[in-house]
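Summary of structural features
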Amino acid sequence: MSRGGEHEIVVIEGDGIGQEVIPAAVAVLQAVDEVGFSFTEKQAGDDTRDQTGAALPETTYEAAADADATLFGAAGETAADVILPLREAVGSFVNIRPARAYPGVDALQPETDLVFLRENTEGVYSGHEDRLSEDLSTLTRVITTSASEQLAEYACSYVTERSIDGFHTVHKANVMQETDGRFRDAVSRVAASNDVATNEVLMDAFATRVCLNPTQFDVVVCPNLAGDVLSDLAAGLVGGLGLLPSANIGQTNALFEPVHGTAPDIAGDGIANPSASILSAGMLLEYLGETDAATNVQMAVESVLNSGPRTPDLGGNASTEAVVNAVIEQLSSH
Ligand SMILES: NC(=O)c1ccc[n+]([C@@H]2O[C@H](COP(=O)([O-])OP(=O)(O)OC[C@H]3O[C@@H](n4cnc5c(N)ncnc54)[C@H](O)[C@@H]3O)[C@@H](O)[C@H]2O)c1
Ligand SMILES: CC(C)[C@H](C(=O)O)[C@@H](O)C(=O)O
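Quantities reported herein were computed from a predicted structural model and do not represent experimental measurements.

1. Focus: the site of ligand 2
- The environment of ligand 2 is formed by Ala79, Ile83, Arg87, Arg97, Arg118, Tyr125, Asp228 and Val259.
- Side-chain polar atom of Arg87 to an oxygen atom of ligand 2: 2.7 Å apart, as the coordinates give it.
- Between ligand 2 and Arg97, the relevant distance is 2.8 Å, taken from an oxygen atom to a side-chain nitrogen or oxygen of the residue.
- Considered on its own, ligand 2 offers 320 Å² of accessible surface; in the complex 77% of this is hidden by protein.
- Considering each element in turn, the shell around ligand 2 owes the most residues, three residues, to helix α4 (residues 79-89).
- Here the residues of the shell around ligand 2 are counted per class, giving four nonpolar, no polar and four charged.
- Mapped onto the domain boundaries, the shell around ligand 2 takes at least three residues apiece from domain 1 (1-96 + 241-333) and domain 2 (108-238).

What follows is the structure, encoded as structure tokens:
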């Protein structure tokens, strides 16, 4: 914490509904009376590229690297050029993606309560793509023991601190024997040395099993791309992408973002579901050690999801603004 006891938060709305849901999350943080913030707005994304020539200006990267925490919305076609470096800027090695069903919200699987711990630096995201000929393009998939162990150490602390009985490791080491084999072995070695129970599930089997019965899983540790795809799948089980927050945790810094993108089909209509972004702000509060405030924000969102108003993605007809006002009203009634 710095600047007169206030938490310094960098805010990057990005494109599309990022410009609607991030102001909503900031309004909720501002309504948390017991915690002081200073907000610094920074630019990134398609609009920024069109205006400045760079999707992620150096000043935005540096601000995220220096802030206590960053809140990010979404970027459009420049997403990979924005969010991947931003995750790197905060030194993030794990992306925490909770996928929960909420009372009052129609869900394919109303008992879902999962947390994905996604490796956040490598796999197919390392950027080694090459066009070798007119017919041939290649991608190098990078898996290191060190990144896999770092994720596993985090997973062990995560389940131990919460008294959770171990975790599942998702991989596809039957095919990617060298890379996912390395990941699987590193994770199980670290779990064993921490006395944490693990079960392995092949990625394809996990996809089926989680749809049929998500309650057989709790914490799910996975390589980067698997975590991306499977968390979106889990969003489908709980009622949609408007409900999934995430936290990119680094050694000294962190970045919080909804799992969803810019939602071009509804951008500008004022009806985006702000829950994922407000819940991301709740994870930011927890990360900053403001646990009471984090719980209050989480409870306020849950209460509004239960009683309404709800945005159209959840079957309602409320605006983003109406939902945010209801969340703030809930917060102030505590
Ligand atoms: N982290 C990021 O910046 C990020 C993540 C994913 C996608 N993207 C980008 O976003 C753009 C659109 O991608 P997409 O359409 O595949 O995914 P998307 O997440 O933007 O939208 C998928 C569907 O979910 C709905 N949806 C998503 N968030 C919602 C919300 N908060 N409230 C209500 N409905 C919501 C959308 O309306 C759409 O029907 C692409 O350019 C993609 O690259 C960026
Ligand atoms: C846009 C893309 C780089 C990003 C990812 O794959 O991590 C997105 O899908 C996400 O889930 O945040």
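That was the structure; now back to the text.
2. Considering the pairing of strand β12 (residues 254-258)
- Across the five residues of β12, five count as buried, placing the element largely inside the fold.
- Side-chain alternation along β12 places Ala254, Phe256 and Pro258 on one buried face and Leu255 and Glu257 on a second face that is also buried.
- Here strand β3 (residues 69-74) runs beside β12; their pairing, made up of two bridges, is parallel. The residue bridging Thr70 from the neighbouring strand is Leu255, located in β12.
- Where strand β11 (residues 245-250) meets β12, five bridges bridge the pair, whose relative direction is antiparallel.

3. So, the site of ligand 1
- As a structural note, the neighbourhood of ligand 1 is formed by 21 residues, with Ala75, Gly261, Ala263, Asp265 and Asn273 the closest of them.
- In this structure, an oxygen atom belonging to ligand 1 sits 2.8 Å away from a main-chain N or O atom of Gly261.
- One nitrogen or oxygen atom from the main chain of Thr262 is found 3.1 Å from an oxygen atom belonging to ligand 1.
- Here ligand 1 has 800 Å² of accessible area as a free molecule, and 67% of this is covered by the chains.
- Taken together, the residues of the shell around ligand 1 sort by class into 11 nonpolar, six polar and four charged.

4. Focus: the packing of helix α1 (residues 18-30) against helix α9 (residues 275-287)
- Running from N to C, α1 and α9 cross one another at 45°; their axes reach a closest spacing of 8 Å. Taken together, the axes of α1 and α9 lie oblique to each other. Both α1 and α9 take part in a crossing whose hand is right-handed. For the pair formed by α1 and α9, the contact residues are Val21, Ile22, Ala25, Val28 and Leu29 on the first element and Ser277, Ile278, Ala281 and Leu285 on the second.
- The residue inventory of the contact of α1 with α9, partitioned by class, reads eight nonpolar, one polar and no charged.

Conventions and cut-offs
Starting from 1, residues in each chain are numbered consecutively following that chain's sequence as written. Throughout, the order in which chains and ligands are written sets their labels, letters from A for the former and numbers from 1 for the latter. Local features are withheld for residues below a pLDDT of 70 in this predicted model, meaning they are given only at 70 or higher, and side-chain atom pairs are given and counted only at 80 or more; totals for whole chains, interfaces and linings count all residues. Here the side-chain values reflect all heavy atoms present in the structure, with hydrogen atoms and water set aside. Note on terminology: near, applied to a residue and a molecule or strand, indicates that one of the residue's heavy atoms is within 4 Å of it. Polar contacts, as counted here, are pairs of nitrogen or oxygen atoms within 3.5 Å of one another; within protein the pair requires one atom able to donate a hydrogen and one able to accept it, and residues that are adjacent in sequence qualify only if both atoms are side-chain atoms. What sets the accessible areas is the Shrake-Rupley method with a 1.4 Å probe; for residues, cover comes only from the shown protein chains. Going along the chain from the N terminus, every DSSP run of H or I of four or more residues is numbered as a helix, and every run of E of two or more is numbered as a strand. Charged means Asp, Glu, Lys or Arg here, nonpolar means Ala, Val, Leu, Ile, Met, Phe, Trp, Tyr, Cys or Pro, and polar covers whatever is left, Gly included. Where each domain starts and ends follows an automatic or database-derived domain assignment. Buried, partly exposed and exposed residues are distinguished by accessible area as a fraction of the type maximum, computed with a 1.4 Å probe on protein chains only: under 20%, between the cut-offs, and over 50%, respectively. Note: two strands are recorded as paired if DSSP finds a minimum of 2 bridges between them. Think of each axis as a best-fit line through the C-alpha atoms, taken over the contacting stretch in the case of a helix, with angles from 0 to 180 degrees between the N-to-C directions. Comment on the angle field: the value is read as roughly parallel under 35 degrees, roughly antiparallel over 145, roughly perpendicular from 65 to 115, and oblique elsewhere. Note on convention: the crossing is left-handed when the near helix lies turned anticlockwise from the far helix by less than a right angle, right-handed when the turn is clockwise. Throughout, a residue-residue contact means that at least one pair of heavy atoms, one from each residue, lies within 4.5 Å.

The quantities given are spatial measurements derived from coordinates; they are silent on function.
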